[in-house]
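Here is how the chains run, residue by residue.
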Amino acid sequence: MKETIERIRKFKDERDWAQFHTPENLAKAINIESGELLEHFLWDNNYNKKEVCDELADVLVYCVHMADSLNVDIEEIINKKMDKNEKKYPVEKARGSSKKYTEL
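The model shown is predicted, which means the values in this text are computed figures rather than measured ones.

Scoring rules and cut-offs
- Residues numbered from 1 in each chain as written.
- Predicted model: local features only at pLDDT ≥ 70, side-chain atom pairs only at ≥ 80, totals over all residues.
- Heavy atoms only, no water.
- Phe/Tyr/Trp six-rings, centres within 6.5 Å; stacked < 30°, edge-to-face > 60°.
- Buried < 20%, exposed > 50% of the residue type's maximum accessible area, 1.4 Å probe, protein only.
- Helix = DSSP H or I, 4+ residues; strand = E, 2+ residues; numbered from the N terminus.
- Lys NZ or Arg CZ within 6 Å of the ring centre and 35° of its normal.
- Axes fitted to C-alpha atoms, helices over the stretch in contact; angles between N-to-C directions.
- Parallel < 35°, antiparallel > 145°, perpendicular 65-115°, else oblique.
- Contact = heavy atoms within 4.5 Å.
- Nonpolar A, V, L, I, M, F, W, Y, C, P; charged D, E, K, R; others polar.

Peer 1: A description of the packing of aromatic side chains should follow, citing residues and the corresponding values.
Peer 2: Considering all chains together, one arrives at three aromatic pairs under this definition. Look at phenylalanine 41 and tyrosine 47: their rings are 5.0 Å apart centre to centre, the planes differ by 55°, and that puts the pair in the tilted class. Look at tyrosine 47 and you get partly exposed, because its relative accessible area is 43%. Measuring from ring centre to ring centre gives 5.8 Å for tyrosine 89 and tyrosine 101, while their planes differ by 80°; the resulting arrangement is edge-to-face. In this pair, tyrosine 89 is assigned in the loop between helix 4 (74-88) and helix 5 (91-94) and tyrosine 101 in the segment after helix 5, connecting sequence segments 12 residues apart. We note arginine 15 situated over the ring of phenylalanine 11; from NZ or CZ to the ring centre the distance is 3.6 Å.

Right under this line is the structure:
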């Protein structure tokens, strides 16, 4: 994964795009790309997996850029969030349930 993240950074740096990668712009880009991902599921569940994967990759690439823009470690913030989620959704209460933690 580290090589992939470095490849994403190199792509951005070679094009001098860091100047455009403000947290605000990246949040917008993530939202736009996630909307394009969601569009593949509009009206039915018949989707083209290759196209869905392309859109998912766009979302993930922008998330890497956002983490860089905020100067945060992706693995660290994911693990901190997972720690919180594990407390909010204990297995014995959440298993098999789609309820929000406040309803468990």
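Next comes the rest of the account.
Peer 1: Explain the packing of helix 1 (residues 2-14) against helix 3 (residues 49-70) to me, and be specific about the residues and the numbers.
Peer 2: Relative orientation of the contacting elements helix 1 and helix 3 amounts to 80°, with a least axis distance of 10 Å. On the basis of their axis angle, the class for helix 1 and helix 3 is roughly perpendicular. Along its contact with helix 1, which presents Ile5, Ile8, Arg9 and Lys12, the element helix 3 presents Val61, Val64, His65 and Asp68. Taken together, the residues of the contact of helix 1 with helix 3 sort by class into four nonpolar, one polar and three charged.

Just geometry here; none of it tells us what the structure is for.
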